[in-house]
Amino acid sequence: MKTTTVRSAFVKAKLDYKPVLIVATLFATLALSSCASTTPTCASPQAKDLGRAITMVQASLMEGCHAHLDRYYDDLLSIAEGDPKPENKREFSQFLVWSSDNGLLSNRQAQDYYNRYFNIKFMSLKGDYNNCSHTCPNKQKVLFDMERELSDKERGLLRVSLDNNGYYRADRLYQEVELVLEATCTACAAGR
Amino acid sequence: MTTRPRQPSVSVSVHSAPGPHRRIFLSVVLLAIAIVVSQAALANTPTIRLFPTTVVEDLKQTGNVARDMETGLQEVIGRLDQQQALYVESKCDGAESDTGCERLARQIGATYLDMLTIMEERLPDMEHTVNNTRQSLEKSLRNELGKKMTPWTLQETLIGGNANNAATQASPTLRGRSGMRLSERFKQYYQLVATSGAKGDQSLAVLASDIYLDMEETTLLIQRTRQEIARATLMEQLNQSFGIITPEMIEVVGGVKSILFGDAEGQALVAGPPPGSIEEAYRSPLEQ
């Protein structure tokens, strides 16, 4: 009598586990599939209007695409090149301030992103040591970096913001720095 | 305990002042504040001393020496030109054995020697004054721009206070052949430096660099020219025995003329940038 009761209980228990297992499997599959559908695609903004493109980029960045910020910035510049105007400067500035406020960029990074493209001054000339000791030994590299930055300024100032005067001033500044560094470094070398 | 009553008379006297007087009073106060603030700002701005009095004097002296050399050479070069023209008109090319042509060639050779002698006499003075200018500028550049400045402060000096006002004053002439007399060039340098008080530091840094590099090149050229003069004099003394005009002579005379008296072809016409928007430029809070 006792053995019969145990077996029947076992059989009964086995029968009870089956639907639970099925439900658990279904739930896990569902959970996994729902995870896959929320993974951001991080696609480039398709809008032709800079304002709308920035909104799309901001949404993507907030969805976890912050690692793509570099590419997005480049995309936005390309979109702005399609409709160049002085107000674009402000749009980019506001976007970078937003990125900084949301912790996607440090304040310094935001400044670098902005100034490299939209300011006359060269970020390549950042440095805390005097020219004789630091700039002159690396003069060629400094000038090479400036030249690359000048082409970014051409894009930001000239092709995105239509700031012709700003770009030509940056170009002249590059020439002046080249001349002054040549003279200064010659003088530094003569003093050794 | 007594409380001190307010003194309405003071506020009344200010508030009851007539409109125009009050406005004038406020304007004067604001102006005074602005002057004080700007003076303080100027006092805080580091000034660079690139042109001490010695440099200004050296430039003036170099200009005078260059003028003396030009004056001495002008007459000889004029004579050389006439003799060369006569040689060509007499169809002496290819007829060197002709007695008249041989005599003309010797005369040209003698005048060429005169030119070399004058240069030989004047160049040491020139070399001395150019060297003085170069050394003074070298020291100023090394200390003021090399040791006291970082690349960033140098950039800010070059931009000056008008980073956003791009279409500003005409910048000092950058390097390259100026196409003018040597003495004129030094005179211009002297005038630029002597009147530099009205200019900003940004112009001075470029100007000092320009003059310094020019002096460097001039020093090297003078050294090489002096060496060449010794060789050319010897060659011409030998040529005098044969009465030959060498292509080198013509080339040297042409070169001296071009250096001393300028070369119109050397002036390049560079188009200015297209006019940009005059609108007030946007300033980002991120801008540095």
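Model, not experiment: these values are computed from the prediction. (Residues numbered from 1 in each chain as written. Chains lettered and ligands numbered in written order. Predicted model: local features only at pLDDT ≥ 70, side-chain atom pairs only at ≥ 80, totals over all residues.)

All right, on to the overall build of chain A then. A tally of regular secondary structure across chain A gives eight helices and zero strands. In chain A, the order of α-helices and β-strands from amino to carboxyl end is α-α-α-α-α-α-α-α. Looking at chain A as a whole, 32% of its 192 residues qualify as buried. Here the analysis covers contacts within chain A between residues at least 6 apart in sequence; of these, 60% occur between residues at least 24 apart. (Helix = DSSP H or I, 4+ residues; strand = E, 2+ residues; numbered from the N terminus. Buried ≥ 20, exposed ≤ 12 C-beta atoms within 10 Å, placed from the backbone. Contact = placed C-beta atoms within 7 Å.)

Turning to the overall build of chain B, a few remarks are in order. In terms of helices and strands, chain B carries eight helices and zero strands. In chain B, the succession of α and β elements from N to C terminus is α-α-α-α-α-α-α-α. Within chain B, the proportion of its 288 residues that are buried is 27%. Look at the contacts in chain B between residues 6 or more apart in sequence, and 88% of them connect residues 24 or more apart.

Moving on: unusual backbone geometry. Residues and elements named next belong to chain A. Not every positive phi belongs to a glycine, and C42 is a case in point at roughly 55 degrees. With 15 C-beta atoms packed within 10 Å, C42 lands in the partly exposed category. Of note, the phi angle at L162 is positive, near 55 degrees, even though the residue is not glycine. Relative to the helices and strands, L162 is located in the loop between helix 7 (139-160) and helix 8 (164-190).

Another aspect to go through is helix 4 (residues 88-101) of chain A. Residues and elements named next belong to chain A. Over its 14 residues, helix 4 runs 20 Å from end to end, which matches the ideal 20 Å to within 8%, given 1.5 Å per residue. Of all the residues in helix 4, the buried ones are N88, K89, F92, S93, F95, L96 and S99. Along the long axis of helix 4, the arc covered by the buried residues comes to 160 degrees, so they all point the same way. Contact partners of the buried residues in helix 4: helix 2 (50-65), helix 3 (69-82), helix 5 (107-118) and helix 7. Directly beyond the C-terminal end of helix 4, a positive phi value near 75 degrees is found at G103. (Expected span 1.5 Å × (residues − 1). Arc of directions from axis to C-beta.)

Here we take up helix 7 of chain A. Relative to the 32 Å expected for 22 residues at 1.5 Å per residue, helix 7 of chain A spans 30 Å between its end C-alpha atoms, a close match to the ideal helical length. Looking only at helix 7 of chain A, the buried set comprises A:V142, A:M146, A:E149, A:K153, A:R155, A:G156, A:L157 and A:V160.

Residues and elements named next belong to chain A. Structurally, the position occupied by L69 is in helix 3. The class of L69 is partly exposed, set by 18 C-beta atoms lying within 10 Å. Sequence separation between L69 and Q58 is eleven residues; the distance between their C-alpha atoms is 9.7 Å. The contact partners of L69, leaving out residues within four places of it in the chain, are L61, S99 and L104.

This part is about the confidence of the model for chain B. Residue and element names in this part refer to chain B. Confidence in the prediction for chain B averages 72 pLDDT; 63% of positions are at 70 or higher. At the level of individual helices and strands, chain B shows its lowest average pLDDT in helix 1 (residues 8-15), which scores 38, and its highest in helix 5 (residues 151-159), which scores 93. Taken together, the stretch residues 1-18 has pLDDT below 50 and engages in one contact with residues farther than four places along the chain or on a different chain. Predicted confidence is poor over residues 264-270, with pLDDT under 50, and the contacts of this stretch with residues over four places away or in other chains come to four contacts. (pLDDT = per-residue confidence, 0-100.)

Turning our eyes to something else, we now look at the interface of chain A and chain B. Tallying the contact residues gives 47 residues for chain A and 39 residues for chain B. Tallied by class, residues from the side of chain A that touches chain B come to 22 nonpolar, 15 polar and ten charged. (Nonpolar A, V, L, I, M, F, W, Y, C, P; charged D, E, K, R; others polar.)

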